[in-house]
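# Architecture and fold: a report
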Amino acid sequence: MQGRTIVEATLHNTPPATTHWSTRTLADAQGVSEATVRRIWKQQGLKPPLSKPVKRSRDTQFVETLYDVVGLYLNPPDKSVVLSVDENSQIQALDRTQPGLPMKKGRSGTRTHA
């Protein structure tokens, strides 16, 4: 029973002013030892500190837009092509680890993978 309440709290609640539980904060909230929380998380395969937070859309018409977009894929209009473009403005070019070698006759320029 104790394990169930710890798993439920881990999956469905968040501590005040943070994004996820740590073993210490959950142990304090549940009145158990940190080792107990750690053991239960290991048994259940839970890793809250490594989980990425879910990003929720701030668009007030998100659901309507979602239905429109999915509807295009599932039932496209006759004689149409549906294209998908992912706009991700936060991608930045990475610095290369070494400068590329210059082009020479018979060899194109080279670069390292970042």
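Residues numbered from 1 in each chain as written. Predicted model: local features only at pLDDT ≥ 70, side-chain atom pairs only at ≥ 80, totals over all residues. Heavy atoms only, no water.

### So, the nonpolar core
Core analysis: the biggest nonpolar cluster contains 11 residues, these being Ile-6, Val-7, Ala-9, Trp-21, Leu-26, Ala-27, Val-32, Val-37, Ile-40, Trp-41 and Leu-46. Elements represented by at least two residues in this core include exactly helix H1 (2–12), helix H2 (23–30) and helix H3 (34–44). Leave out the neighbours within four places in its chain, and Trp-41 touches Ile-6, Thr-10, Trp-21, Ser-22, Thr-23, Leu-26, Leu-46, Pro-48 and Pro-49. (Core = buried A, V, L, I, M, F, W, Y, C linked by side-chain atoms within 4.5 Å. Buried < 20%, exposed > 50% of the residue type's maximum accessible area, 1.4 Å probe, protein only. Helix = DSSP H or I, 4+ residues; strand = E, 2+ residues; numbered from the N terminus. Contact = heavy atoms within 4.5 Å.)

### Re the pattern of salt bridges
All told, the structure shown has 2 salt bridges when counted by the stated rule. Where Arg-24 meets Glu-34, a salt bridge forms, and the shortest distance between an N and an O atom there is 3.7 Å. A residue pair is termed long-range when its members are at least 10 positions apart, and Arg-24 in helix H2 and Glu-34 in helix H3 qualify at 10 residues. Residue Arg-24 is classed as exposed on the basis of its relative accessible area, which comes to 59%. (Salt bridge = Lys/Arg side-chain N within 4 Å of Asp/Glu carboxyl O.)

### A look at the packing of H1 against H3
Put simply, H1 and H3 touch, their axes get as near as 10 Å, and they point 80 degrees apart. As far as their axial angle goes, H3 and H1 are roughly perpendicular. In this structure, H1 uses Gln-2, Gly-3, Ile-6, Val-7 and Thr-10 to contact H3, whose residues at the interface are Thr-36, Val-37, Ile-40, Trp-41 and Gln-44. (Axes fitted to C-alpha atoms, helices over the stretch in contact; angles between N-to-C directions. Parallel < 35°, antiparallel > 145°, perpendicular 65-115°, else oblique.)

### Overview of the packing of H2 against H3
Where H2 contacts H3, the two axes come as close as 8 Å, and the packing angle between them is 110 degrees. The orientation of H2 relative to H3 falls into the category roughly perpendicular. You can see that H2 and H3 cross each other, and the crossing is right-handed. Residue-level inspection shows Thr-23, Arg-24, Leu-26 and Ala-27 of H2 in contact with H3, the latter providing Glu-34, Val-37, Arg-38 and Trp-41. (Left-handed = near helix turned anticlockwise from the far one by under 90°.)

### Quick word on unusual backbone geometry
Backbone geometry places Lys-79, a non-glycine residue, at a positive phi of 55 degrees. In this structure, Lys-79 sits in the segment after helix H4 (62–74).

### Things to note about H2
Residues of H2 that are buried include every one of Thr-23, Leu-26 and Ala-27, and no others. End-on, the buried residues of H2 take up no more than an arc of 100 degrees, which puts them together on one face. Opposite the buried face of H2, by more than 90 degrees, sit the exposed residues Arg-24 and Asp-28. Those residues of H2 that are buried are in contact with H1 and H3. (Arc of directions from axis to C-beta.)

### Points about the side chain of Thr-36
With respect to the secondary-structure elements, Thr-36 resides in helix H3. The exposure class assigned to Thr-36 is buried, which follows from its relative accessible area of 12%. Leave out the neighbours within four places in its chain, and Thr-36 touches Gln-2 and Ile-6.

### With respect to the side chain of Thr-10
In this structure, Thr-10 sits in helix H1. A relative accessible area of 11% means that Thr-10 is categorised as buried. A polar contact is formed between the side chain of Thr-10 and the side chain of Trp-41, at a distance of 2.9 Å. Excluding its chain neighbours within four sequence positions, the residues that come into contact with Thr-10 are Trp-21, Leu-26, Trp-41, Leu-46 and Pro-48. (Polar contact = N/O pair within 3.5 Å; in protein donor to acceptor, adjacent residues only side chain to side chain.)

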